[in-house]
Number of protein chains: 2
Amino acid sequence: MDILKQRILKDGKSLPGGILKVDNFINHQMDSVLMYQCAEELMRLFADKKITKILTVEASGIAPAVLVGYLAKAPVVFAKKATPKTMDKHYVTTVHSFTKGRDYDVLVSKEYLNAGDRVLFIDDFLACGNAALGMADLCRQAGADLVGMGFLVEKSFQGGREKIASAFPDLRVESLATVTGLGDGTIELK
Amino acid sequence: MDILKQRILKDGKSLPGGILKVDNFINHQMDSVLMYQCAEELMRLFADKKITKILTVEASGIAPAVLVGYLAKAPVVFAKKATPKTMDKHYVTTVHSFTKGRDYDVLVSKEYLNAGDRVLFIDDFLACGNAALGMADLCRQAGADLVGMGFLVEKSFQGGREKIASAFPDLRVESLATVTGLGDGTIELK
């Protein structure tokens, strides 16, 4: 998606350790108009999938997910990183965070992920694929049908796509911009 | 806003300790179409305020904020509860969470909140008003002009509105649904 790629080149920053900083327009300050356009494109890519539910994980997946959900007229569930007082029975899985360098549990209430759901997972980044595989595990526990994964930005050099393809060879995985390498202050896009 | 009030009466649950559980449609599973309608109403209420920036706090404020931001064609900044590796200089304030029963720090990068910004704070709940006052403090530190606060649901019996009015007598504070009391399984709405 050209408009997103141009923005990454304009405002993204390559930091040491394979980190792409896009907090000017994606994950701290958000360009809500650009994000709506990204949601439209993701919707187009998964239009044939008869999606009944959007799944994401807090916090930076929520904005693209709610916009895709609005366009799909589907409810959006965001997995939580802590157990709220008000949550009863839930599914839980453990995810390793690349940027934070630690494991954390993510949870979804059993009320909101069910057998029969056709789930599209939406997130801001595909990097190592750990959050994505965790969400797939939550769907498996619920007996829900995971029908696709859509990302704003993929870092193709961190192996996430291969990891997902190895576990789910038939799953459609789409990214709107693919970063193939991060150098000393440089960003390479596919 | 009638459609939101009806939904609270239909799907909200009154839990012990003054907790209103709305995780069926607001803060775990989200009804993205209802949330878009709420954003339209908030936009209408603040249409005269010449807003240049939407401010919220992760995680459950993000969805309504990004929708209001989309309608206002304004960037959305969400304050973070932990310092990301990639964040340099930031403003920080301490907020007491009523539901979690503890204090936590929230941060905004100095890059994304500035003198000259006309800021609308958006959140899912107004209860004790602590998050709202924290966001006002971040705006004060940045020299930004806080021009309004908009909430989906207000719990009027927890004093948040009074606390905000005492600190900022001229600030416009709007809520789309006001809960006046929570009884044993009952919800009273204004």
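The structure we're discussing is the one just above.
In this text the structure is predicted, and so the values were computed from the model without any measurement.

Aromatic ring pairs are described here by two measures, namely the spacing of the ring centres and the angle between the planes. This model, assessed by the stated rule, comprises four aromatic pairs over all chains. An angle of 75 degrees between the planes, with centres 5.9 Å apart, marks the rings of Phe121(A) and Phe151(A) as edge-to-face. Here Phe151(A) lies in strand β9 (residues 145-155) and Phe121(A) lies in strand β8 (residues 118-126), a separation of 30 residues in the sequence. There is no split in this pair, since Phe121(A) and Phe151(A) are both buried. Directly above the aromatic system of Tyr70(B) lies the positively charged group of Lys73(B), at a separation of 3.7 Å from the ring centroid.

This part takes up the sheet that holds strand β4 (residues 53-57) of chain B. An order of β3(A)-β5(B)-β4(B)-β8(B)-β9(B)-β10(B)-β11(B) is seen for the seven strands of this open sheet, with the pairing classed as mixed. Two strands in the sheet have a free side with no partner beyond their single neighbour: β3 (29-30) of chain A together with β11 (187-189) of chain B. Pairing geometry for β4(B) and strand β5 (residues 76-79) of chain B, over four bridges, is parallel. Bridging from a neighbouring strand, Thr56(B) pairs with Phe78(B) of β5(B). Strand contacts of helix α3 (residues 62-72) of chain B: β3 of chain A together with β4, β5, β8 (118-126) and β9 (145-155) of chain B, with the helix running at about 175 degrees to β4(B), the strand carrying the most contacts.

With that settled, consider the nonpolar core. Leu4(A), Ile54(A), Leu152(A), Leu4(B), Leu20(B), Ile54(B) and Leu152(B) are the most contacted members of the largest nonpolar core, which totals 81 residues. By size, the runner-up hydrophobic cluster in this structure holds 28 residues, among which are Leu55(B), Tyr104(B), Phe121(B) and Leu146(B).

All names here are of chain A. The element β9 is largely enclosed, with a buried count of 10 among its 11 residues. This β-α-β element, β8 to helix α4 (residues 130-142) to β9, shows right-handed connectivity. Note that β9 and strand β10 (residues 172-182) share seven bridges and pair parallel. Each bridged residue has a counterpart across the sheet, and for Val153 the counterpart in β10 is Ala177. Handedness of the crossover is the feature at issue here: the chain leaves β9, passes through helix α5 (residues 160-167), returns alongside β10, and the resulting connection is right-handed.

The rules behind these values
- Residues numbered from 1 in each chain as written.
- Chains lettered and ligands numbered in written order.
- Predicted model: local features only at pLDDT ≥ 70, side-chain atom pairs only at ≥ 80, totals over all residues.
- Heavy atoms only, no water.
- Phe/Tyr/Trp six-rings, centres within 6.5 Å; stacked < 30°, edge-to-face > 60°.
- Helix = DSSP H or I, 4+ residues; strand = E, 2+ residues; numbered from the N terminus.
- Buried < 20%, exposed > 50% of the residue type's maximum accessible area, 1.4 Å probe, protein only.
- Lys NZ or Arg CZ within 6 Å of the ring centre and 35° of its normal.
- Pairing = 2+ DSSP bridges.
- Contact = heavy atoms within 4.5 Å.
- Axes fitted to C-alpha atoms, helices over the stretch in contact; angles between N-to-C directions.
- Core = buried A, V, L, I, M, F, W, Y, C linked by side-chain atoms within 4.5 Å.
- Right-handed = clockwise from strand over helix to strand, strands pointing away.

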